[in-house]
Amino acid sequence: MESKDDGTGARMENKEDGTTVRMENKDDGTRRIRRPGRKRLAITLSVFISFLIGLPIWLKSTEVYRTHLPYEAIDSLANNVKSKPLVLPCQFNVILLELKSETGNDGDHDAVKKYLEGLRSVVLEQLRSRINRNGIGSHGGCGNDYFVTVSLDSKDKCVEAGITNGSSNWSCGLGKYLSSVDISSDDDVVDELLNSYSGRVAGDLDGNGGVYSIVVTGDGHSRRTVIGKHRHAWIVGEYSESILVPLIGEIIVKYFMNGGILMRRHGTRSEKGDEKDMSMPLAADGSAILSFSLLNAEPADWIYQWDFEMFGKQFLSPLVEMLAPVASLSVESQVLYHTPKAAHSYWDEQLASYVFHVDDLPFFVNSNEWHLDTSVAAAGRSKILQFAIYIPSSLECPLRLKLPNGKLSATNGFTSPGWGGIIVLNPLSCVTSALSGKHQRHELSEEEFGPVMQVVVGQIRTLLGLPPTAPHDTKKHISSISASQTGFSEWELDALLRRRVVADVASCSLTLASLSRLVKSLPSMVIMDEIGDQVFQSLEAANLARKNSFTGMYHAAAESARKARAWAEEAFFQPSIMSLLYFPTEHHFAIYTPFFVPVLVHTFIAAAKEVTRYRREWKKFLKSNVHEQVS
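What counts as what
Residues numbered from 1 in each chain as written. Predicted model: local features only at pLDDT ≥ 70, side-chain atom pairs only at ≥ 80, totals over all residues. Heavy atoms only, no water. UniProt positions renumbered as here; feature names shortened; annotations may be inferred. Helix = DSSP H or I, 4+ residues; strand = E, 2+ residues; numbered from the N terminus. Contact = heavy atoms within 4.5 Å. Axes fitted to C-alpha atoms, helices over the stretch in contact; angles between N-to-C directions. Parallel < 35°, antiparallel > 145°, perpendicular 65-115°, else oblique. Left-handed = near helix turned anticlockwise from the far one by under 90°. Nonpolar A, V, L, I, M, F, W, Y, C, P; charged D, E, K, R; others polar. Patch = residues over 30% accessible without salt bridge, like charges linked within 9 Å, V, L, I, M, F, W, Y side chains within 5 Å. Areas by Shrake-Rupley, 256 points an atom, 1.4 Å probe, with all protein chains shown as cover. Salt bridge = Lys/Arg side-chain N within 4 Å of Asp/Glu carboxyl O. Lys, Arg positive; Asp, Glu negative; His and termini not counted. Charge placed at Lys NZ, Arg CZ, Asp CG, Glu CD. Polar contact = N/O pair within 3.5 Å; in protein donor to acceptor, adjacent residues only side chain to side chain. Buried < 20%, exposed > 50% of the residue type's maximum accessible area, 1.4 Å probe, protein only. Disulfide = S-S within 2.5 Å. Pairing = 2+ DSSP bridges.

As recorded by an unreviewed UniProt entry, the protein chain carries the name GPI transamidase component PIG-S and is attributed to Araucaria cunninghamii. The Pathway (unreviewed entry) field of the UniProt record for the protein chain holds the comment "Glycolipid biosynthesis; glycosylphosphatidylinositol-anchor biosynthesis." Under the UniProt heading Sequence similarities (unreviewed entry), the note attached to the protein chain is "Belongs to the PIGS family."

1. Points about the side chain of Ser291
Relative to the assigned elements, Ser291 resides in strand β10 (residues 287-296). If we skip the residues at most four places from it in the chain, Ser291 touches Glu332, Leu372, Ile384, Leu385, Gln386 and Phe387.

2. Some words on the packing of helix α2 (residues 71-83) against helix α12 (residues 529-550)
Each pair of packed helices can be described by the angle between their axes along with the distance between the axes. Between α2 and α12, the least distance of the axes is 11 Å, while the angle of their chain directions is 30°. For the element pair α2 / α12, the angle class is roughly parallel. Here α2 and α12 pass one another in a crossing that is left-handed. Between α2 and α12, the contacting residues are Ala73, Ile74, Leu77, Asn80 and Val81 on the first element and Val535, Leu539, Ala542, Asn543 and Arg546 on the second. For the contact of α2 with α12, the per-class residue count stands at seven nonpolar, two polar and one charged.

3. Observations regarding a negative patch on the surface
Among the surface-exposed residues, Asp182, Asp186, Asp188 and Asp219 lie close enough to one another that they form a single negatively charged patch. Note on placement: Asp219 falls in the loop between β7 (211-217) and β8 (224-227).

4. Re the environment of Trp347
For Trp347, the position within the fold is in strand β13 (residues 346-348). Residues Trp347 and Glu396, 49 residues apart in the sequence, show an inter-C-alpha distance of 8.2 Å. Excluding residues that lie within four positions of it along the chain, Trp347 makes contacts with Ala352, Ser353 and Tyr354. A distance of 3.0 Å separates the side chain of Trp347 from the side chain of Glu349, its partner in a polar contact.

5. Topic: a nonpolar patch on the surface
Together, Ile43, Val47, Phe51, Ile591, Tyr592, Phe595, Phe596, Val599 and Leu600 make up an exposed nonpolar region whose accessible area comes to about 770 Å². In terms of residues, the nonpolar patch owes the most to one element, helix α15 (residues 586-630), which gives six residues. Secondary-structure assignment places Ile43 in helix α1 (residues 39-61). Relative accessible area serves as the criterion here: at 48%, Ile43 is assigned to the partly exposed category.

6. Observations regarding the pattern of salt bridges
Pairing of side chains with opposite charge becomes possible as their charged atoms draw close. Counted under the stated rule, the structure contains 15 salt bridges. With a shortest N-O distance of 2.7 Å, Glu250 and Lys476 are connected by a salt bridge. Here the residue Glu250 occupies a position in helix α6 (residues 241-257), and Lys476 occupies one in the loop between α10 (446-464) and β20 (478-480), the gap between them amounting to 226 residues. Exposure remark for Glu250: the relative accessible area of 5% places this residue in the buried category. In this structure, Lys313 and Glu309 form a salt bridge, with 3.9 Å as the shortest nitrogen-oxygen distance. Of this pair, Lys313 and Glu309 both sit in helix α8 (residues 308-322), four residues apart, which is roughly one turn of that helix.

7. Some thoughts on the state of the cysteines
All told, the structure shown has one disulfide when counted by the stated rule. Through a disulfide, Cys90 is tied to Cys142; the S-S separation comes to 1.9 Å. Sign of the S-S torsion, about -70° for the bond between Cys90 and Cys142, identifies this disulfide as left-handed. Taken together, the residues span a long stretch of sequence, with Cys90 in the loop between α2 and β4 (91-96) and Cys142 in the loop between α3 (109-134) and β5 (147-153) at a distance of 52 residues. On the accessibility criterion, Cys142 (1% relative accessible area) is buried.

8. Quick word on the sheet that holds strand β15 (residues 384-391)
One open sheet accounts for five strands, arranged β12-β10-β15-β18-β17; its pairing is mixed. Only two strands of the sheet have a single partner each, and these edge strands are β12 (328-337) and β17 (413-416). Neighbour-to-neighbour, the strand axes of this sheet turn through a mean angle of 15°, independent of strand direction. Bridging between β17 and strand β18 (residues 420-424) involves four bridges; their strand directions are antiparallel. Bridge pairing in β18 places Thr415 opposite Gly421. Each of β10 and β12 is contacted by α8, which is oriented at about 150° to β12, the strand it contacts most. Contacts from α10 reach β10, β15, β17 and β18 within the one sheet, and its direction differs from that of β18 by about 155°.

So this is what it looks like as structure tokens:
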């Protein structure tokens, strides 16, 4: 009987009858004569390795397109806005037509100049004191690097204090130029003469701005101060230096710097509060729609209509053109019927009118009946300012607004910040028209709409952050010349431009910084080339706005700041990224886990089992070889 090992540790024996019997060794499972095969191991590992190689390829294929954004430039702009706030330089020229001091007009040149230098130092100290007292933001965007010159410009002498780089900031001859006019009474004539003289001396300042003149003369029987509608003011009458210097400081800080409204701080004002104070009810691109609505509360009593196209050309076109550097305004109108107010009114015997109190103003607008938002052009993020002219019914006519002091409002209207304004226009004959029992149609005339438009201009001024009327102070004998056609003076527009430039650049910086943080927090967000181009254009415009502002180019700085904010808003609200703002990374796991986890788990388990089996069989083979060598 022959025996033969089968390679696994078992022994095969051939019996005499020709049959073969497999005889197991005593150490079965612990020996292996032949080397274990690697074919199964190679197949299993190749499948597993192919998954490992394919995983980064799959991740690369699922990457979203993200254009490069200038994160460093965005951070640099934010740091510059915070560390070095944007300002537009202002220059104030104080011109004395005569000198009431111990030196007098006949004093020598050096003595007069020394006196003017001292007066200039006192004026500068007065300005710093007022700005520090009123807090941050009271410089009106002029910054702390404003420039002041004090000059004596009499008929036969010209001395100036505050000359820089050896060049004069004022051309003498104003005293002779104004000698033919009564500066104490002819305000409109003086205002135009000062404007023409400044234009002749310094050229066209409309594109620059920020250069203001204060003329001081001792002529006149009474003390008075007049602020013109251009960039000039004049002080008439004899003043001591202790009274003149604070008066000059008030004209510069309150009016020329801040447009007649001086923001006083309560405690400590934060930078965010200052930006809020400077904000205007405009869209990101500086546009706004002035929507005028004529509301007929009860057409059964009377129906009012208007020729708004004619009114717009006569009253609104000069206003829109004047405000073009500050805001891009468009105008629309409509006439509505059956528009009762939501607030209740009551009859006041003493005032002989139906009155509604200021406490009822939040409930005056009837949102259910007043369909004001009908503009097709006001799509997206456009801003609409509503101006409603309300015609009351006969049951509440005349309708008056009662102030907290018990008196009636002179304008019979009110404003709602960020929304617009409302004016109550009572029919001329409330009782007789109602008793006639007929549908009386009435078209507003130019004489009737003129006073309404004056109120509207005051409401627009209030919405933009200016006093409703031309500022004046009777106690200090300060008055101002109103720009009758436009309603805005040039120095008021300068103040609005400075606020607008500062607010737009700050808003641009905050928007770009928010976009940068958003993009970094969402790695799976698609960033198209269009967004990158908008960000680069916004940064370029913001830097150009800062450059133009430091050089005093008011209109150029305002235009660049407007573009910077508009591009930043366009990039942030780009439609391609809006759908991914709320798409977290967990969603990727929820989508791909059901597909890949079962395959990967089974492949990993199979590879682990095959490697374990191969190692076990290899150990058997090694052990068997060692045993044979010992035997």
